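Geometric and topological summary
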Amino acid sequence: SNDEVLDINKNTNIGFDAFVNKGTRAVTSTTTGNLKKFYVFGNHGTAVDFSNVAVTLNGTSWDCATNVPWTASNYYFAAYATTNTSDQITPAYADGALTFSDIVANDASDLVAATASVNNTAMGNATVGITFKHLLSKVSFAITNSSSDYKLTVSDLTFNVLKQGDCVFTNAAAATWTPEGTASALSFAGGNAAKSATFSSEDHLVIPNQALTEVKASFTVTFFNDADEKVYEKPYSNVSLALTSGLWLPGYSYVYTASVSPA
């Protein structure tokens, strides 16, 4: 009898590896450490290789739900992921570009995406590296109590924003957002600040590319003495939020600051 050993190339099928760039900061943000699943699209020429196919972390490697063998071709890939792995958004795809429609920003799930182009003749069946970028922006408030005599409470903190939008993400540029709908209030939990201290709100994910001349914030500040007696209260309404760029950029966190004191 003869014993035959077959030398099989383990990289015959297209494989992936994933990394998430640093971006929006909060417990809901997608990171390299908590990314467990993403969805991939891919094509070479007119041949569609992947169409919203799940790629799942298995130990330290990524398992693709569909096995597709490499050919000597130019490939385009695009992928997306959310913090909530059950969210399968199903964007439109064409030659390495993703188009997301009617995305609603909420704090339950961050949104990241990536593209890659590969000449497999030169690459030699290697694993495709997928580097995700954050597509949403994030905002929060920091309100400083400039009084050394009284404690501060911040309440009724709201923020008028457009909560829905469309996004095009391509291999050649960053995400391009088109906000849509009608602005509505985004509420932040209130809180306290000691004398000469700062109240910092929680973060909220928001749709990028909004003209900040149209974004207004409102809040109420109340000052108390050491006996917890109210000594001063003032509401602030429709405070315009200015930014040098005029627009929120994808993947950026913005902290709006104010300093208040009793009149």
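That block above? That's the structure.
The structure reproduced in this document is the subject of the present report.

Quick notes on the rules
- Residues numbered from 1 in each chain as written.
- Predicted model: local features only at pLDDT ≥ 70, side-chain atom pairs only at ≥ 80, totals over all residues.
- Heavy atoms only, no water.
- Helix = DSSP H or I, 4+ residues; strand = E, 2+ residues; numbered from the N terminus.
- Buried < 20%, exposed > 50% of the residue type's maximum accessible area, 1.4 Å probe, protein only.
- Pairing = 2+ DSSP bridges.
- Core = buried A, V, L, I, M, F, W, Y, C linked by side-chain atoms within 4.5 Å.

**Overview of the environment of Val139**
Following the sequence through the fold, Val139 ends up in strand 10 (residues 137-145). Separated by 114 residues in sequence, Val139 and Ser253 place their C-alpha atoms 5.8 Å apart.

**Let's talk about the pairing of strand 18 (residues 216-224)**
By the criterion of burial, strand 18 is predominantly enclosed, with seven of the nine residues buried. With eight bridges connecting them, strand 18 and strand 19 (residues 230-240) associate as antiparallel partners. In the sheet register, Thr222 faces strand 19, and the bridge partner there is Glu233. Count of turn residues in the strand 18/strand 19 antiparallel hairpin: five residues, of which Asp228 carries a positive phi of about 60°.

**Some thoughts on the pairing of strand 7 (residues 97-104)**
With three bridges connecting them, strand 6 (residues 92-94) and strand 7 associate as antiparallel partners. Note that in strand 7 the partner of Ala92 across the bridge is Thr99. Remark: two residues form the turn of the hairpin made by strand 6 and strand 7, two consecutive strands paired antiparallel; Asp95 in that turn has positive phi of roughly 45°. As paired elements, strand 7 and strand 12 (residues 164-169) share five bridges and run antiparallel to each other. Across the sheet, Ile103 pairs through a bridge with Gly165, a residue of strand 12.

**Some thoughts on the nonpolar core**
Core analysis: the biggest nonpolar cluster contains 25 residues, and Ile14, Phe16, Phe38, Phe50, Phe77, Val128 and Phe132 have the highest contact counts within it. Counting only elements with at least two residues in this core, the list comes to strand 1 (16-20), strand 2 (37-44), strand 3 (47-58), strand 4 (61-64), strand 5 (74-82), strand 8 (111-119) and strand 9 (128-134). Leu152, Leu186, Ala193 and Phe219 belong to the second largest nonpolar core, which has 24 residues in total.

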